[in-house]
Amino acid sequence: MILEQFGWSTVWQNAFLPFEGKGYLPARIVREHRGGYAVITEYGERLAGVSGHFRHNTLERRSFPAVGDWVVLEVPDEVSKCSVREVLPRFSSFVRKAAGTSRDDQVLAANIDTVFLVSGLDHDYNPRRIERYLTLAYESGVDPVILLNKADIAEDLEGAFLETESIAYGVPILAVSATNSLGLEKLWEYLKPGTTGALLGSSGVGKSSLVNALLKSEELKTGPVREHDSHGRHTTTHRQLISLPNNSVLIDTPGMRELQLLGDESTLLSSFSEIVELAGMCRFNDCSHTVEVGCAVQAAIGSGTLDTERYESYLRQLKELKHQKVEQDIRLKLQEKRRWKAIHKSMKHHHKSKR
Ligand code: GDP
Ligand code: ZN
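Residues numbered from 1 in each chain as written. Chains lettered and ligands numbered in written order. Predicted model: local features only at pLDDT ≥ 70, side-chain atom pairs only at ≥ 80, totals over all residues. Heavy atoms only, no water.

Caption draft 1: Region of interest: the packing of helix α3 (residues 127-140) against helix α4 (residues 157-167). Contact pair α3 / α4: the axes reach a minimum separation of 10 Å and the direction vectors enclose 40 degrees. As the angle between them shows, α3 and α4 are arranged oblique. Crossing handedness for the pair α3 and α4: right-handed. Between α3 and α4, the contacting residues are Pro127, Arg128, Ile130, Glu131 and Leu134 on the first element and Glu163, Thr164 and Ile167 on the second. Grouping the amino acids of the contact of α3 with α4 by side-chain chemistry returns four nonpolar, one polar and three charged. (Axes fitted to C-alpha atoms, helices over the stretch in contact; angles between N-to-C directions. Helix = DSSP H or I, 4+ residues; strand = E, 2+ residues; numbered from the N terminus. Parallel < 35°, antiparallel > 145°, perpendicular 65-115°, else oblique. Left-handed = near helix turned anticlockwise from the far one by under 90°. Contact = heavy atoms within 4.5 Å. Nonpolar A, V, L, I, M, F, W, Y, C, P; charged D, E, K, R; others polar.)

As structure tokens, then:
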């Protein structure tokens, strides 16, 4: 049965019981796109919207279907678009929080057992970022596993491993390589049949490569059976929910990718260490280094020990990073706007007073 390849189990069968025998089909959301969803049913992949009944009864955005959800599908006939009537209760979800009330929170992916926090052991490796990802995983009620990818080109694999261990006590850490399939047997142990994993990690760490390596490594063992659907077409690549050959599932959605931290302050800290050091001497802990009394950064600019250009570049990069974070957390948006207005104002003032 196709659905078993996508995580269908007796648990979901029981959840679906109240809808059994009424002409509905159980289905899982495999992709989200503008104005609808792609779902997998026992008859293969179909397109779906939400039913009028669903729309009428659903007030919160977070109750709308997301990749990974199991749903109750109304199927009018062979050719027309199906519609989602109900979303079966989720056991876990990754949520993007919205401004103000939780009413507008958006679920990015649902029913995930394990989240793989992927880092690349090249320039990408950053323990602070791994800490942030761990927080996200715990908030979502999902077990984390840390993947240190690109182990084949790591300069200090053991060092990175030990450092990761020190910030992620008790969390499984696997050194892997998508390129030469190193460590994939270990990874399969966390991809048990019937379970769903999700990939989280910056762009370029090798998430797609890992999916391909997993598809290929099993294909070698089991034969290239499962990469094609009943029509013999290649379907795995464009899905955001991918069925692996051992009946486990991996989710790799753009939404999850947006949750990535595109950069973070710690990278800034290392490239502007003298400013960070100065900042530690400001009178106020929350000093914005613009207008405050007792600001050591402003004092250094005044005395000429800190270069204005360097200070401005710091502010620019800080702004960029904040901007990326703000995109992820809309709640900060207004607050940040006000703050940057003040900074720009003071920078203008600063330039004027220099002339
Ligand atoms: P994604 O953005 O996370 O999906 O990353 P990709 O899978 O597109 O990989 C980004 C780049 O890293 C590509 O050029 C890959 O060939 C390379 N890459 C991925 N995994 C590995 C690995 O294990 N070792 C090495 N050396 N390169 C890798
Ligand atoms: Zn300051």
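Moving on from the model shown.
Caption draft 2: Examining the site of ligand 1 more closely. Taken together, 16 residues are adjacent to ligand 1, and Asp152, Gly204, Lys207, Ser208 and Ser209 come closest. For ligand 1, a nitrogen atom lies 3.1 Å from a polar atom in the side chain of Asn149. When isolated, ligand 1 has an accessible area of 580 Å², and the protein chains bury 70% of it. If one sorts the elements of the shell around ligand 1 by residue count, helix α6 (residues 207-222) sits on top with three residues. Looking at side-chain class alone, the shell around ligand 1 contains three nonpolar, nine polar and four charged residues. (Near = heavy atom within 4 Å. Polar contact = N/O pair within 3.5 Å; in protein donor to acceptor, adjacent residues only side chain to side chain. Areas by Shrake-Rupley, 256 points an atom, 1.4 Å probe, with all protein chains shown as cover.)

Caption draft 3: Looking closely at the coordination of the zinc ion (ligand 2). Only Cys282 (SG), Cys287 (SG), His289 (ND1) and Cys295 (SG) from the protein reach the zinc ion (ligand 2) as donors, at distances of 2.2 to 2.3 Å. Relative to the metal, the four donor atoms surrounding the zinc ion (ligand 2) lie at angles of 98 to 117 degrees, and the coordination shape comes out tetrahedral. Look at where the donors of the zinc ion (ligand 2) fall in the sequence and you get C-x4-C-x1-H-x5-C. We classify His289 as buried; its relative accessible area is 9%. Residue classification places Cys295 among the buried residues on the basis of a relative accessible area of 6%. (Donors = N, O, S within 2.8 Å, 3.2 Å for Na, K, Ca; no water. Tetrahedral: all angles 85-135°; square planar, octahedral: opposite > 155°, others 65-115°. Buried < 20%, exposed > 50% of the residue type's maximum accessible area, 1.4 Å probe, protein only.)

Caption draft 4: Up close: the pattern of salt bridges. Counted according to the given criterion, the structure contains four salt bridges. We note a salt bridge from Arg31 to Glu45, for which the minimum N-O separation is 3.4 Å. Of this pair, Arg31 sits in strand β1 (residues 24-33) while Glu45 sits in strand β3 (residues 44-50), and the two are 14 residues apart along the sequence. Since its relative accessible area comes to 30%, Glu45 is described here as partly exposed. Where Glu74 meets Arg85, a salt bridge forms, and the shortest distance between an N and an O atom there is 2.9 Å. In this pair, Glu74 sits in strand β4 (residues 70-74) while Arg85 sits in strand β5 (residues 82-87), placing the two residues 11 residues apart along the sequence. (Salt bridge = Lys/Arg side-chain N within 4 Å of Asp/Glu carboxyl O.)

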